[in-house]
Amino acid sequence: MAITITIAGTDRTTKMVEYSARYSDVLLSRNTLDVRFRDLSGGFRPTRGQEVKLLEGATTHFAGLIAEDPIEESEGWNSSGIGAYLNFEVRCGGYELICDRRMVARTYTSQTLSTIVLDIVAIDLALEGITTAGVETGPTITELILDYISVTAAFNRLAELAGMAWWIDTSKVLQFRARSSLLAPITLTIDKTITCRVIPAQSTYRNKQFVRAGLEKTDSRTESFIGDGTRKTFNLAFPIAAVPSSITVNAVAKTIGIRGVETGKDFYWNKGSTEISQDDGATALTTSQTLAVTYQGEYPIIVSAQDDLEIAARKTAEGGTGIYEEKEDRPDINEADAAVDVAKALLERHRLTKAVEFTTLTTGLLAGQLLPLDLSVHNLTGVNYLIESVEGSEHPKDSTTTQILYTVRALSHDSVGGWQRFYRRLVGTEVTIPRANEVLHNLRTFTEAMTLGQSLTFATAGVESRVGTALVGYSEVGA
């Protein structure tokens, strides 16, 4: 079958000389396509953002956007400009690139994954042509705070919490799927492979997981203070998590403001501070006055989870305690139950694993699918492996046509490669922590055409001759 490459909806294959294409489909990472070609037709320059598709016959193997302006190289120019042509190196990414350039700033509480995802798409992605037929209901997410992070980062966080995978397919349909629901179209047998090897992969194993999370809220509590005629600042037992629900003096309600932001209030507070302070111009409370503050405090969260069966198995095999411990910092998580869920998910994703790498001409394999194995020669029969990556490159079929040769990597568990990169990215630059008392100043620039018109009328008076008014030394001749 012929290989076809379209750019901006036009088949460019026939205009490409000495072209090559290689695509990569990687779980929880950016699908990519690299195209190198020589253009003899002239007048065609691919540009950033144009849509690109790679097809083999009627099968679309890749669809996405040009990620950056291509590299150009000129050859064959002479003084008359005859015989000149351009070489292009075009780097493309999947439609997930659209998610990189859109931001999300919302909070979701006790909503299903699909409700959250559909809301994000409706607000941020609908006009980009992305649809949601592939989004499964998923679990209920206890709390999700998205504080001006990319849609990509938001979807990554949801995938982690739900134990799911997400991508945008070649038809621009958003897929959010449980891994168990994605079964490969074949069972892998040795005759379907050209080469095959099995690799142990154990570097990230753990059976006891600590998660140091953010700050949990206390139940609503009331603390009381008696004035002494001097002090105006009162310290609570916990740092304040949110605006106090009430502040009273002798049961009379008082106004509340944010210290350093608002003025003209009776009392002030700041998130993360234990202090409640009176307005500077107010009279200090006396011994006959009682201040009562009702609020929710906050305290740091650290949780642990362990797999007792795994610990017992390692103890039997190795001796000693059999414990492998790891710690993750997740300051964006502000609920202990959610932190426990993450700890359990990390244990599940970092077990002892194996990887199978093979080359094949069989089509239809995608990252994220569960691939049944029947490889008796490797003692791998009746098990499902998770496809982590699929790479395709042109391979000669005969003297005149080419076909795509696939290099596939599948894991006995999803703890290697893509997951490692995913976690480093999530814990690193993708996490944003809301700052206390943060105020958003949303600057927008508008352009407006304005036409200004002004007419002036000048009147010339006669020569001034009134006594006491005429200018000394002034005269007009021939008036």
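Refer to the structure above for everything that follows.
First things first, this report covers the structure right here in the doc. Think of each chain on its own: its residues are numbered from 1, step by step along the sequence as written. Where totals are concerned, whole chains, interfaces and linings use all residues; where local detail is concerned, this predicted model gives features only for residues with pLDDT of at least 70, and gives and counts side-chain atom pairs only at 80 or more. Side-chain descriptors were evaluated using all non-hydrogen atoms of the structure, hydrogens and water having been removed beforehand.

1. Things to note about the overall build of the protein chain
The secondary structure content of the protein chain amounts to six helices and 30 strands. When checking whether two residues touch, look at their non-hydrogen atoms; a contact exists if any pair is within 4.5 Å. Look at the contacts in the protein chain between residues 6 or more apart in sequence, and 70% of them connect residues 24 or more apart. Here a helix means four or more residues in a row that DSSP labels H or I, a strand means two or more in a row labelled E, and each is numbered from the N terminus.

2. Quick word on the packing of helix α3 (residues 151-162) against helix α5 (residues 336-349)
Where α3 contacts α5, the axes come no closer than 9 Å and their chain directions differ by 80°. Taken together, α3 and α5 sit at an angle that is classed as roughly perpendicular. Mapping the contact onto sequence places Ala159, Glu160 and Leu161 in α3 and Val342, Ala345 and Arg349 in α5. Three categories are distinguished: nonpolar for Ala, Val, Leu, Ile, Met, Phe, Trp, Tyr, Cys and Pro, charged for Asp, Glu, Lys and Arg, and polar for the others, with Gly belonging to the last. In terms of residue class, the contact of α3 with α5 is built from four nonpolar, no polar and two charged. A fitted line through C-alpha atoms represents every axis, and for helices the fit uses only the stretch in contact; the resulting angles, taken between N-to-C directions, go from 0 to 180 degrees. Comment on the angle field: the value is read as roughly parallel under 35 degrees, roughly antiparallel over 145, roughly perpendicular from 65 to 115, and oblique elsewhere.

3. A word on the pattern of salt bridges
Within this document, salt bridges are pairs made up of a side-chain nitrogen of Lys or Arg and a carboxyl oxygen of Asp or Glu, the two lying within 4 Å of each other. Considering all chains together, one arrives at 18 salt bridges under this definition. One salt bridge connects Glu128 with Arg101, and the closest N-O pair in it is separated by 3.3 Å. Here Glu128, found in the loop between α2 (113-125) and β10 (131-135), pairs with Arg101, found in the loop between α1 (97-100) and β9 (103-112); they are 27 residues apart in sequence, far enough to count as distant. Linked by salt bridges that have partners in common, Arg197, Glu357, Glu388 and Arg409 make up one network.

4. Topic: the nonpolar core
Put simply, a nonpolar core is a bunch of buried Ala, Val, Leu, Ile, Met, Phe, Trp, Tyr and Cys residues held in one set by side-chain atoms that sit within 4.5 Å of each other. Working definition: with a 1.4 Å probe on protein chains only, accessible area under 20% of the residue-type maximum means buried, over 50% means exposed, and in between means partly exposed. Formed by 34 residues in total, the largest nonpolar core has its most connected members in Tyr23, Leu33, Leu54, Leu365 and Leu371. Listed in part, the 32 residues of the second largest apolar core include Val104, Ile116, Leu125 and Ile130.

5. A closer look at the pairing of strand β5 (residues 51-56)
Of the strand pairs in this sheet, strand β1 (residues 3-7) and β5 are connected by five bridges, and their pairing is antiparallel. Bridge assignment links Thr4 to a residue of β5, and that residue is Leu55. Any two strands with at least two DSSP-identified bridges between them are counted as paired. The sheet contact formed by β5 and strand β6 (residues 59-66) spans six bridges and is antiparallel. Pairing of Lys53 across the sheet is with Ala63, part of β6. What sits between β5 and β6 in their antiparallel hairpin is a turn of two residues, with Gly57 showing a positive phi close to 65°.

6. Section: the layout of surface pockets
By rolling a water-sized probe across the atoms, one finds the places where empty space is left. Cavity: a set of points on a 1 Å grid over the protein atoms alone where a 1.4 Å probe fits but cannot get out. Pocket: an open set with protein on both sides within 12 Å along at least five of seven lines, its lining residues, like those of a cavity, having an atom within 4 Å of a point. Grid points are joined across faces, edges and corners, and a volume is the space filled by probe spheres set on the points. Reported here for the second largest pocket is a volume of approximately 440 Å³. Lining the second largest pocket we find 26 residues, and of these Asp25, His61, Trp167, Thr170 and Leu366 sit closest to its centre. Breaking the lining of the second largest pocket down by element, the ones donating at least two residues are β3 (16-26), β6, β12 (164-168) and β13 (173-178). With five residues, β6 is the single largest residue contributor to the lining of the second largest pocket. When the residues that make up the lining of the second largest pocket are grouped by side-chain class, the tally is eleven nonpolar, eleven polar and four charged.

7. Here's the deal with the packing of aromatic side chains
Two rings from Phe, Tyr or Trp (for Trp, the six-membered ring) form a pair when their centres sit within 6.5 Å of each other. Planes less than 30 degrees apart are called stacked, planes more than 60 degrees apart edge-to-face, and all others tilted. Taken as a whole and judged by the stated rule, the model has five aromatic pairs. Judged by centre distance (5.0 Å) and plane angle (75°), the ring pair of Phe155 and Trp166 falls under edge-to-face. Within this pair, whereas Phe155 is found in helix α3, its partner Trp166 is found in strand β12, the two being separated by eleven residues in sequence. Between Phe225 and Phe234 the ring centres are 5.6 Å apart and the planes differ by 50°, which places this aromatic pair in the tilted class.

8. A closer look at the sheet that holds strand β24 (residues 290-295)
Spatial strand order, β17-β24-β19-β20: four strands in an open sheet with antiparallel pairing. Looking at strand neighbours, the two that pair on one side only are β17 (221-226) and β20 (252-253), the edges of this open sheet. For strand β19 (residues 246-249) and β20, the ladder comprises two bridges, and the chain directions are antiparallel. Looking across to β20, one finds that Thr248 is bridged to Ala253.

9. Remarks on the side chain of Lys208
By the secondary structure assignment, Lys208 is in strand β16 (residues 208-217). If we ignore the near neighbours within four places in the chain, the residues touching Lys208 are Ala305, Gln306, Ile323, Tyr324, Glu325, Glu326 and Leu347.

10. Remarks on α2
Listed as buried for α2 are Leu113, Ser114, Ile116, Val117, Ile120, Val121, Asp124 and Leu125. Looking straight down α2, one finds its buried side chains confined to an arc of 160°; they lie on one side. The arc under discussion is defined with respect to the helix axis, by the directions toward the C-beta atoms.

11. A word on unusual backbone geometry
A positive phi angle is found at Tyr148, which is not glycine, with a value near 55°. In this model, Asn250 sits at a positive phi of 50°, which is unusual for a non-glycine residue. Summarising the element assignment, Asn250 is placed in the loop between β19 and β20. The class of Asn250 is partly exposed, set by a relative accessible area of 41%.

12. Topic: helix α4 (residues 308-318)
Taken as a whole, α4 has its buried residues at Glu310, Ile311 and Arg314. Buried positions in α4, seen along its axis, are confined to an arc of 100° and lie on one side of it. Turned more than 90 degrees off the buried face of α4, the exposed positions are Asp308, Leu309 and Thr316. The opening residue of α4, the one whose side-chain oxygen lies 3.2 Å from the backbone nitrogen of Leu309, is Asp307. Once α4 finishes, Gly319 follows within two positions and takes phi at roughly 85°, a positive value. Between N or O atoms, a polar contact is any pair within 3.5 Å; within protein, one atom must be a potential hydrogen donor and the other a potential acceptor, and residues adjacent in sequence are included only when both atoms are from side chains.

13. A short note on empty space enclosed by the protein
According to the stated counting rule, one finds two cavities of 30 Å³ or more in the structure shown. The calculated volume of the second largest cavity comes to roughly 30 Å³. The wall of the second largest cavity is formed by Ile3, Ala21, Tyr23, Leu54, Gly392, Ser393, Glu394 and Ile404. When contributions to the lining of the second largest cavity are tallied by element, the ones reaching two or more residues are β3 and β29 (380-396). A total of three residues in the lining of the second largest cavity trace back to one element, the largest contributor, which is β29. The class makeup of the residues in the lining of the second largest cavity is five nonpolar, two polar and one charged.

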